[in-house]
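Commentary on secondary and tertiary structure
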Amino acid sequence: MANCPKCGEHLRLVDWKQHCPHCSCNIVLYDIQERLMQDADKAEVQYYYFQKRVDRMKASFVGSKLAVARIFTSLIPLVAVVVPWLKGDFNAPFEEFNGVFSLFSLTDMLDSLNVNSILSLVNTVDGKSAVIFLASALILLVLSAVLLLVRFGCLTMACGKRGKIRNFTFDIIMLVFCGVATVLLMCVPQNPYFEIDFVMAPFVYLLLLGVNFGVDVAIYKKGIEVKHAPCFVGGIPIEEYFRMVQDGVPQEDIRQEMYRRLTEMQLQKEAELNGEEVKV
């Protein structure tokens, strides 16, 4: 069991009533104002740390004109998904097609393949390298698109301690994936199953990713000012409160200062209300 908050005597299991059997003080209501103030202090400090995260997230999206532009440059590369990707023709065992392909038509064509057809292509000398090049390119492009979405979600932490490293890492990996995929599509070996004449969308995609990376570099070079909303602990600005605690100011003195400032704030609000009523 706990001790009495007033006299410090140990309380037994049978001491279940709200009054202390030693000093008769009301254990529930004893020094309740101070305990409520302590709970309020903790809540205001926790709110301060939460508000800092909100302020950083807000600055990441609308902290500057470049930050607003980054919202669009982070998503525009996905437009390349619906742009015609390449020109060529496919023969059996693929679904026969000749003309301009999009990512959707390519994936549908690959879905039409069964396992035996894929194995038969991979086992052939002239089809193995071609299929590996095509499949690897598509996988890398899809992975880069997934990373693009993940990176957009991570923009909420762009103004954090590791925001710069995180964004640059995503940008470089996406550029590498897209660049390698583009080279693979351009270097597909000749084979009797499909032929790629011209690669279009990957270049557009690569260009948009490069623009996105450039905007990121410009943002971190110029910097974003994170504006924090003022927070108080018992009427004391929280920076001053932290400094008082760090300097070892007694809790009683801090509490007295809080009461003084809260009283001043209350009187100021009352004066403002009275002033408004007089004007009306």
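A brief structural summary. This one's a predicted model, so the numbers in the text were calculated from it and none came from an experiment.

A few points about the overall build of the protein chain
Secondary structure summary: the protein chain contains nine helices and five strands in total. Start at the N end of the protein chain and walk to the C end: the helices and strands fall as α-α-β-β-α-α-α-α-β-α-β-β-α-α. Going through the 280 residues of the protein chain one by one, you find that 33% of them count as buried. Summarising the internal contacts of the protein chain: among those between residues at least 6 apart in sequence, 64% fall at separations of at least 24. Of the accessible surface of the protein chain, which amounts to about 17,300 Å², a share of 63% is contributed by carbon and sulfur atoms.

As for the pattern of salt bridges
Applying the stated criterion to the full structure yields eight salt bridges. The partner of Asp 216 in a salt bridge is Arg 151, and the shortest N-O contact between them spans 2.6 Å. Here Asp 216 is found in helix α7 (residues 201–222), whereas its partner Arg 151 is found in helix α5 (residues 125–154), with 65 residues between them in sequence. Overall, Arg 151 belongs to the buried group, its relative accessible area being 0%. Residues Glu 257 and Arg 261 are paired through a salt bridge, measuring 2.7 Å at the closest nitrogen-oxygen approach. Residue Glu 257 and its partner Arg 261 are both found in helix α9 (residues 251–279); the two are separated by four residues, about one turn of the helix. Each of the two residues, Glu 257 as well as Arg 261, counts as buried. One salt-bridge network, held together by shared partners, links Glu 240, Glu 257, Arg 260, Arg 261 and Glu 264.

A closer look at the nonpolar core
The nonpolar side chains of soluble globular proteins are, as a tendency, buried together. Leu 86, Leu 141, Leu 185, Ile 196, Tyr 205 and Leu 209 are the most contacted members of the largest nonpolar core, which has 25 residues in total. When residues of this core are traced back to their parent elements, those giving at least two are α5, α6 (163–186) and α7. Contact partners of Leu 141, with chain neighbours within four places excluded, come to Trp 85, Cys 178, Ala 181, Leu 185 and Tyr 205.

A closer look at the packing of helix α1 (residues 32–62) against helix α8 (residues 238–246)
Following both chains from N to C, one finds α1 and α8 inclined at 120 degrees, their axes separated by 11 Å at the closest point. Accordingly, the angle class assigned to the pair α1 and α8 is oblique. For the element pair α1 and α8, the recorded crossing hand is left-handed. For the pair α1 and α8, contact is made by Asp 41, Glu 44, Val 45, Tyr 48 and Tyr 49 and by Ile 238, Glu 239, Tyr 241 and Phe 242, respectively.

What to know about helix α2 (residues 65–75)
For α2, the full list of buried residues reads Ala 67, Arg 70, Thr 73 and Ser 74. Projection of α2 onto a plane perpendicular to its axis shows the buried side chains occupying an angular sector of 110 degrees, all on one side. The exposed set on the far side of α2, more than 90 degrees from its buried face, consists of Lys 65 and Phe 72.

Observations regarding the environment of Gly 8
Looking at where Gly 8 falls in the secondary structure, it is placed in the segment before α1. Given the relative accessible area of 41%, Gly 8 is considered partly exposed. For the pair Gly 8 and Cys 20, spaced 12 residues apart in sequence, the C-alpha separation works out to 10.0 Å.

With respect to α1
With 31 residues, α1 extends 44 Å from end C-alpha to end C-alpha; this agrees with the ideal 45 Å at 1.5 Å per step. Of all the residues in α1, the buried ones are Glu 34, Met 37, Asp 41, Val 45, Tyr 48, Gln 51, Asp 55, Ala 59, Ser 60 and Phe 61.

Some details on the environment of Pro 5
Along the polypeptide, Pro 5 turns up in the segment before α1. Pro 5 sits in the partly exposed class, given a relative accessible area of 42%. Between the C-alpha atoms of Pro 5 and Cys 25, which are 20 residues apart in sequence, the distance is 9.0 Å. Ignoring anything within four residues of it in the chain, the contact list for Pro 5 reads Ile 27 and Tyr 30.

Reading the values: the criteria
Within every chain, residues take consecutive numbers counted from 1 along the sequence as written. Side-chain atom pairs in this predicted model are given and counted only at pLDDT of 80 or more, local residue features only at pLDDT of at least 70, and totals for whole chains, interfaces and linings cover all residues. Working from all heavy atoms in the structure, the side-chain values ignore hydrogens and water. Starting at the N terminus, helices and strands are each numbered in turn, a helix being any DSSP run of H or I of at least four residues and a strand any DSSP run of E of at least two. In this scheme, a residue with accessible area under 20% of its type's maximum is buried, one over 50% is exposed, and one in between is partly exposed, where area comes from a 1.4 Å probe on protein chains only. Here, residues are in contact when the closest pair of their heavy atoms is within 4.5 Å. Accessible surface area values rest on a Shrake-Rupley calculation with a 1.4 Å probe, where residue burial reflects the displayed protein chains alone. Definition used for salt bridges: Asp or Glu carboxyl oxygen within 4 Å of a side-chain nitrogen of Lys or Arg. Side-chain atoms within 4.5 Å are what join buried Ala, Val, Leu, Ile, Met, Phe, Trp, Tyr and Cys residues into a set we call a nonpolar core. To define axes, lines are fitted to C-alpha atoms, for helices over the stretch in contact only, and angles between the resulting N-to-C directions are given on a 0 to 180 degree scale. Oblique is the label for any angle not covered by the other classes, which are roughly parallel (under 35 degrees), roughly antiparallel (over 145) and roughly perpendicular (65 to 115). Left-handed is the label given to a crossing in which the near helix is rotated counterclockwise from the far helix by less than a right angle, and right-handed is the label when the rotation is clockwise. The directions considered for the arc run from the helix axis to the C-beta atoms. A helix's residues, less one, multiplied by 1.5 Å, set its expected span.

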